[in-house]
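# Understanding the architecture of this molecule
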Amino acid sequence: MSEGVRTTCPYCGVGCGVVVARKDDGAVTVKGDKAHPANFGRLCSKGSALGETVDLDGRLLHPEIGGRQAGWDEALDLVASRFSDAIAEYGPDSVAFYVSGQILTEDYYAANKLMKGFIGSANIDTNSRLCMASSVAGHRRAFGTDTVPGTYEDLELADLIVLTGTNLAWCHPVLYQRIAAAKAKRPEMKVVLIDPRRTMTADIADMHLAIAPDGDIALFAGLLAYLAEVGAVDMDYMVKHTTGFVDAVERTLDLHVPEVAALTGLTANELYQFYALFAKTEKTVTVYSQGVNQSSIGTDKVNAIINCHLATGRIGRPGMGPFSVTGQPNAMGGREVGGLANMLAAHLDIENPEHRAIAQRFWHAPAIPEKPGLKAVDLFKAVGEGRIKALWIMATNPVDSMPDADAVRAALEICPFVVVSDVNAETDTTCYADVLLPSAAWGEKDGTVTNSERCVSRQRAFLPLPGDARPDWWQMAQIGRRMGFEEAFDWESPEQLFAEYAAMTGFENAGSRDLDISAHEGIGAEDYGKLAPFRWPQPAGVTPISDRFFANGGFFTPDRRGRFVATDIAIPSRVTNAYPLVLNTGRVRDHWHTMTRTGKSQRLSAHIGEPYAELHPADAGALGIADADIVEIESPHGRVLVRALVSPRQQAGSVFVPMHWNGQFAANARIDVVVAPVTDPHSGQPASKHVAVSARRFPARVFGFAVSAEKPVPPQWDYWALAKLSAGWKIELASGTAVEDIEDFACQLFGVAPSSAVEIVSFGDTASGAHRVATFDGGRLVGALFLAPQPVEVSRSWAAGQLAADHSDPATRWRLVAGRPGADMPDKGAIVCSCFGVGSREIAAAVRDGCTSVEAVGKQTCAGTNCGSCKSEIREIVDEHRIVAAE
């Protein structure tokens, strides 16, 4: 086995360090890096399974032009000429880049320098617009710069943590684990969860405020009024270091607790308890994420939160401050180098003529755009209107992730020239590319990323570049040279880009800007290779007094004061008689974005293997929807079909649908086709968590479930969803029309000819309408199909295990077709612990055997003892059986 390589996890913005080793057989092992300050060795389920995602299945390994393989020179020459021709004929704003928080800081820097410094347009935006743009806008309004004041350590030092609009347990599990561990050591620590749903994060919450959608401004504006009323304002801090307090408070004068209760859906008692707790607890951190940001009033939400911390002076000191946690591994790095259309590199402002001049002088650029470029939603609208003639998409999948996704797909269909740089050959976006460029994947590329606490870490290569794959920065440098900018893009290695970027952060800075890592200016290959994680600022020749910001003022506004922002209180109302439910989209525990990486892992598909709609029992009952039915979710923009999950965790009047499923893994589950292109006026961020929709039961005549040794051939059915298994694949099915020839359908699904040597065993029950078909090649199961007129009741984990079992004995074949686990293979139930494949029935059995705690269940079953992401679900099962036993 090779020695371990220290690198950084490519998933969320926590930025966990991992140690990767390669075995002699080429297999990759991954463990947490105990020396990394973000995670100290902890990993979540996704990070733990990284070794299962680094294969070459489905990889794009060579450039392609019009679907045919091409060489790099031909592809790059074509891209450079088409972009140059569009600029010459229509001007620089006729071209655009759409990049991603998945690329490295060096890649981002190259893209921004090329577009903003040398093409002369600001039409470069990033999918970070979809997750963190409102935080950026709120930070800039309050602080003058996009500065995260605190650090992860504050989460462990706080006496009160307010979690608003964030399901940390599933979306940032390692931060959740750090908070849970701190709370276990100090039980007096309080945690308040503010979320319309009772998510798994509620497991550690002392108080859950089930707020109405978009009620956050009213809640925190009411808190500001309360703080002023009870004398909890830090007058010394407010007077010395801020401005705008009076205007902000005057806006809240009529916002008393009864009014806040009416706007938020919370009770007066809940509000008084929360407000009193916040007022009396000095060490308070407010953590927020997509539930705050993904809103048409997201920027005002951010400022309503920051206002409360400015008013109390609880910012920049240990255990205090507002804390935005980012969704992607390098959303922060992209923000630092100008990845958003309204920013320049090194936290320079595009609207500021002095900042534009600094960038132009440093880059020796011919021109810097004087106005912001098109933000993501407007960018793709411009593509659809024919205003963008050439578009380069890098490391993202907008056909699935953008709001009004079908309109985005239609726009790409008519765009004259589309380039896509990706690691996968087939995504829902790559099929619209005129040119495909093969990029280096995680494990192959070399560079840096920045996490949510401003910690810069190295991503290091531990695998060779496969085929013709090349880093994204190299691709852009080559295009820059071919467009005539040879000297500006003459980099030969990533440390040269990093050194240049570091130098830019210190260029004409002198403390006037927050971001400064000029201590690393001129870094060479050896030091870059050994670069340890560090938190900025790190200016050249100066040792910062603190790595937190604003404890003693020093904001980056013109007057160096923090700004209170007077926010409007109105809550958007979108539901109608035709669309009476509020759709909230988001993540599940074990999947990521559009599953191009996590979909490769069988263990990450074991926990939740298909798209679903979570509905409150009252809503489901009124609509005639039962658990496991197929549900049609519709808005004026589109519709999807997903599985029904009826749960009291969901707020009545709302429905939650995950964002991950796409055309590669499901028939009609791209939830962003339903999301309206409504955006925040300040940030341009879409309102993905407040969409008016309808829900109805889909009248399926037949439901199906199958396991297959090879990847099934999805049928032209209304609903199907694929998921990887350890020994093959599984597929869920539903159709509004009956199946005529069931054995023929099974053979087509499994990709076998009916006349082949494959043996078919089938069973049909006319009375119940249930049918089962299994195909065998000797003692090996090729595939098994289960059909019924209602959702198929067969153990998924048991059926999946049959693919690895020996079926030479005819009795085992008939048992399989009967759908009955044998005594030697008991049903695990739904998988709860992905790391060890422990199911809900196994955990329940352990509880019945006397395991009355999560720790005891872990000792008996191993569940929850690796990454810990499933502990809240284990506790739920323990509590449920404890209640049953008490009854």
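This text goes with the structure placed above it.
In what follows, the accompanying structure is described. In this convention, every chain numbers its residues from 1, walking through the sequence in written order. Totals for whole chains, interfaces and linings use every residue, but because this is a predicted model, local features are given only for residues with pLDDT of at least 70 and side-chain atom pairs only at 80 or more, for both listing and counting. The side-chain quantities take in all heavy atoms of the structure and omit both hydrogens and water.

Our next topic: the overall build of the protein. Numbering of helices and strands starts at the N terminus; helices are DSSP runs of H or I of at least 4 residues and strands are runs of E of at least 2. A tally of helices and strands in the protein yields 29 helices and 34 strands. We compute the radius of gyration over the C-alpha atoms and compare it with the globule rule, which gives 2.2 Å times the number of residues raised to the power 0.38. A compact globule built from 887 residues should have a C-alpha radius of gyration of about 29 Å, and the protein, at 27 Å, falls within 12% of that. Here the C-alpha coordinates of the protein stretch approximately 80 × 70 × 55 Å along the principal axes. Throughout this description, buried means an accessible area under 20% of the type-specific maximum (1.4 Å probe, protein chains only), exposed means over 50%, and partly exposed covers the range between. When the 887 residues of the protein are sorted by exposure, 63% land in the buried category.

This part covers the side chain of Asp-428. Within the element layout of this structure, Asp-428 appears in the loop between strand 15 (418–422) and strand 16 (435–438). All tallies of charge rest on Lys and Arg as positive and Asp and Glu as negative; His and the ends of each chain are not included. Only one rule defines a salt bridge in this text: a Lys or Arg side-chain nitrogen within 4 Å of an Asp or Glu carboxyl oxygen. The charged side chain of Asp-428 is buried without a salt bridge, its nearest counter-charge being Arg-670 at 4.2 Å. Polar contact is the term for a pair of N or O atoms within 3.5 Å; when the atoms are in protein, one must be able to donate a hydrogen and the other to accept it, and sequence-neighboring residues count only if both atoms are side-chain atoms. A distance of 2.7 Å separates the side chain of Asp-428 from the backbone nitrogen of Gly-663, its partner in a polar contact. Here Gln-664 takes part through its side chain, which lies 2.7 Å from a polar atom of the side chain of Asp-428. Residue contacts are defined here by distance: any two heavy atoms, one from each residue, within 4.5 Å place the two residues in contact. The contact partners of Asp-428, leaving out residues within four places of it in the chain, are Asn-397, Val-399, Asp-400, Asn-662, Gly-663, Gln-664 and Arg-670.

Below, the discussion takes up the pattern of salt bridges. In the structure shown here, the tally under the stated rule is 48 salt bridges. Between Asp-400 and Arg-670 there is a salt bridge whose closest N-O contact spans 3.0 Å. In this pair, Asp-400 sits in helix 18 (residues 398–401) while Arg-670 sits in the loop between strand 25 (654–658) and strand 26 (691–697), placing the two residues 270 residues apart along the sequence. Considered together, Asp-400 and Arg-670 belong to a single accessibility category, that of buried residues.

Grid spacing is 1 Å over the protein atoms alone, the probe is 1.4 Å, and a cavity is where that probe fits but cannot get out, while a pocket is an open set with protein on both sides within 12 Å along at least five of seven lines and lining residues have an atom within 4 Å of a point. Grid points are joined across faces, edges and corners, and a volume is the space filled by probe spheres set on the points. Tallied over the full model, the rule gives five cavities of 30 Å³ or more. What lines the second largest cavity is simply Cys-9, Tyr-11, Cys-12, Val-14, Gly-15, Cys-16, Leu-43, Cys-44, Pro-173 and Val-174. When grouped by side-chain class, the residues that make up the lining of the second largest cavity number nine nonpolar, one polar and no charged. For this classification, Asp, Glu, Lys and Arg are treated as charged, while Ala, Val, Leu, Ile, Met, Phe, Trp, Tyr, Cys and Pro are nonpolar and the rest, including Gly, are polar.

A few words on the side chain of Ser-605. In this structure, Ser-605 sits in the loop between strand 21 (581–586) and strand 22 (612–615). Overall, Ser-605 belongs to the buried group, its relative accessible area being 3%. At 3.2 Å, the side chain of Ser-605 and the backbone oxygen of Ser-601 are in polar contact. Among all residues touching Ser-605, those that are not within four sequence positions of it are His-591, Thr-598, Gly-599, Ala-723, Lys-724 and Lys-730.

Right, let's talk about the nonpolar core for a bit. Generally speaking, nonpolar side chains in soluble globular proteins are found buried as a group. Only buried residues count toward a nonpolar core, which is a set of Ala, Val, Leu, Ile, Met, Phe, Trp, Tyr and Cys residues joined through side-chain atoms within 4.5 Å. Ranked by size, the top nonpolar core spans 121 residues in total, and within it Ile-179, Leu-583, Ile-633, Val-655 and Leu-785 carry the most contacts. Tallying contributions element by element places strand 32 (residues 780–788) first for this core, with seven residues. Once residues within four sequence positions are removed from consideration, Val-655 is found in contact with Leu-581, Val-582, Leu-583, Asn-584, Ala-613, Glu-614, Leu-615, Ile-633, Gln-650 and Val-693. Counting 118 residues, the second-largest nonpolar core is a separate cluster that includes Val-162, Tyr-226, Trp-392 and Met-476.

With that settled, consider the packing of helix 8 (residues 216–229) against helix 14 (residues 298–312). At a closest axis distance of 8 Å, the pairing of helix 8 and helix 14 adopts a crossing angle of 20 degrees. On the basis of the axis angle, helix 8 is roughly parallel to helix 14. The hand of the helix 8/helix 14 crossing is left-handed. Every residue of helix 14 that contacts helix 8 at Asp-216, Ile-217, Phe-220, Leu-223, Leu-224 and Leu-227 is listed here: Asp-300, Lys-301, Ala-304, Ile-305, Asn-307, Cys-308, Ala-311 and Thr-312. Here the residues of the contact of helix 8 with helix 14 are counted per class, giving nine nonpolar, two polar and three charged. Only the contacting stretch of a helix is used when fitting its axis, a line to C-alpha atoms as for every element, and angles between N-to-C directions run 0 to 180 degrees. Relative orientations are named as follows: roughly parallel for angles under 35 degrees, roughly antiparallel for angles over 145 degrees, roughly perpendicular for angles from 65 to 115 degrees, and oblique for any other angle. Put simply, a crossing is left-handed when the front helix is turned counterclockwise from the back one by less than a right angle, and right-handed when it is turned clockwise.

A few words on unusual backbone geometry. Put simply, Trp-536 and Pro-537 share a cis peptide bond, and its omega is 15 degrees. Looking at the element boundaries, Pro-537 is found in the loop between strand 19 (534–535) and strand 20 (562–563). The phi dihedral of Phe-40 is positive, around 50 degrees, even though this residue is not glycine. Locating Phe-40 in the fold gives a position in the loop between strand 3 (28–32) and helix 1 (45–48). Backbone geometry at Ala-395 places phi at a positive 60 degrees, although glycine is not the residue there.

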